[in-house]
Every structure is written in C-alpha cells, then in structure tokens.
Amino acid sequence: MTVEQLARSTRSVFELHHESLTGLPFFTSFPLNCCQGASVLFGMLVTLLPTQHTVTVVKGDARDGRESHYWLGKVRISRSFLPKLAR
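Throughout, residues of each chain are indexed from 1 in the direction in which the sequence is written. Totals for whole chains, interfaces and linings use all residues, but because this is a predicted model, local features are given only for residues with pLDDT of at least 70 and pairs of side-chain atoms are given and counted only at 80 or more. The basis for every side-chain value is the complete set of heavy atoms in the structure, and neither hydrogens nor water enter the calculation.

A closer look at the pairing of strand β2 (residues 57-61)
For clarity, the threshold we go by: Here a strand pair is declared whenever DSSP counts at least two bridges between the two strands. Runs of H or I in DSSP of at least four residues are treated as helices and runs of E of at least two as strands, each being numbered from the N terminus.
In terms of strand pairing, β2 meets strand β3 (residues 68-72) through five bridges, oriented antiparallel. Directly across from K59, in β3, lies its bridge partner Y70. Counting the residues in the hairpin turn of β2 and β3 gives six residues, including G65, whose phi is positive at 75°.

Encoded structure:
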C-alpha cells in the first residue's frame, strides 16, 4: 500500500465512522477541529508501512495566536530503504 492509498483509506474511515470515534478527541465533528488528532493518527499509520517512512507533524499558528492548524510535513522514505542504484 502506498502513502496515498493509506491516506484515502484513512480519510474514508474518518468520514464514514467519525460519529462512533468517541474515544478520540474532536473526531465526532470530523473534519472540523480534529486536524491534530488526524495528523498524529495518520502519521502513526504511515510509520507502520514496510517502506520505513519518516513523518513530521507540523503545527502552524494564526498571526493572532488564537487558532492553530496541524498537518504532516513531507513524508519521506528512509534513504537506507532505497535500492543502491537509486543513490
């Protein structure tokens, strides 16, 4: 499974089952106000892929400091996992 396929599948689960995800903060209102939890959860799932990805969760704040948004930075495949010819 690629990162893109995992992203689509994860989003589908969130969209279809958000009302029953009561154990996860803010997920019952998905996609509103759950960017932090969704980013962390998806990042954890990405690290389970067999291609050894590096994941960074990024937090951005509005200029007035009253709002924040979270997302994943660029997901990278670990260099040691690439074939030697590609280096």
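Read on, since the account is not over.
So, the layout of surface pockets
Applicable threshold: Only protein atoms enter the 1 Å grid used here, on which a cavity is any set of points holding a 1.4 Å probe that cannot leave and a pocket is any open set flanked by protein within 12 Å on both sides along at least five of seven lines; residues with an atom within 4 Å of a point are listed as lining. Grid points are joined across faces, edges and corners, and a volume is the space filled by probe spheres set on the points. Ten residues, namely Ala, Val, Leu, Ile, Met, Phe, Trp, Tyr, Cys and Pro, are considered nonpolar, four, namely Asp, Glu, Lys and Arg, are considered charged, and the remaining ones, Gly among them, are considered polar.
Volume-wise, the largest pocket comes out at about 270 Å³. Taken together, 14 residues form the lining of the largest pocket, with R11, F14, F30, A38 and S39 sitting closest to its centre. In the lining of the largest pocket, the residues fall into 11 nonpolar, two polar and one charged.

Some words on the packing of helix α1 (residues 3-17) against helix α2 (residues 35-47)
Going by this rule: For helices, the fitted axis covers only the stretch in contact; all axes are lines through C-alpha atoms, and the angles between them, taken along N-to-C directions, range from 0 to 180 degrees. Each angle is binned into one of four classes, with values under 35 degrees roughly parallel, values over 145 roughly antiparallel, values of 65 to 115 roughly perpendicular, and all other values oblique. Handedness of a helix crossing follows the sense of rotation of the near helix relative to the far helix, less than a right angle counterclockwise being left-handed and clockwise being right-handed. Contacts are residue-level and defined by heavy atoms, with any inter-residue pair within 4.5 Å sufficient.
Interhelical geometry of α1 versus α2 gives an angle of 135° and a closest axis separation of 11 Å. The angle between α1 and α2 falls in the class oblique. As α1 runs across α2, the sense of the crossing is right-handed. Residue-level contacts link V3, L6, A7, T10 and F14 of α1 to A38, L41, F42, L45 and V46 of α2. In the contact of α1 with α2, the residues fall into nine nonpolar, one polar and no charged.

Here we look at α2
Quick reminder of the rule: Helix span, expected: 1.5 Å multiplied by one less than the number of residues in the helix. Accessibility here uses a 1.4 Å probe with only protein chains present; expressed as a share of the type maximum, an area under 20% marks a residue as buried, one over 50% as exposed, and anything in between as partly exposed. The arc in question is traced by the directions running from the helix axis to the C-beta atoms.
Taking 1.5 Å of rise per residue, the 13 residues of α2 would be expected to cover 18 Å, and the 18 Å separating its terminal C-alpha atoms lies within 8% of that figure. For α2, every residue scored as buried is listed here: A38, S39, F42, G43 and V46. Around the axis of α2, the buried residues are gathered within 125° of arc, so they sit on the same side. Considering only its buried residues, α2 is in contact with α1, β1 (53-54), β2 and β3.

Quick look at unusual backbone geometry
In this chain, F30 is followed by P31 through a cis amide linkage whose omega measures 10°. With phi around 70°, F26 is a residue other than glycine that occupies positive phi space. In this structure, F26 sits in the loop between α1 and α2. F26 gets classed as exposed once you look at its relative accessible area, which sits at 56%.

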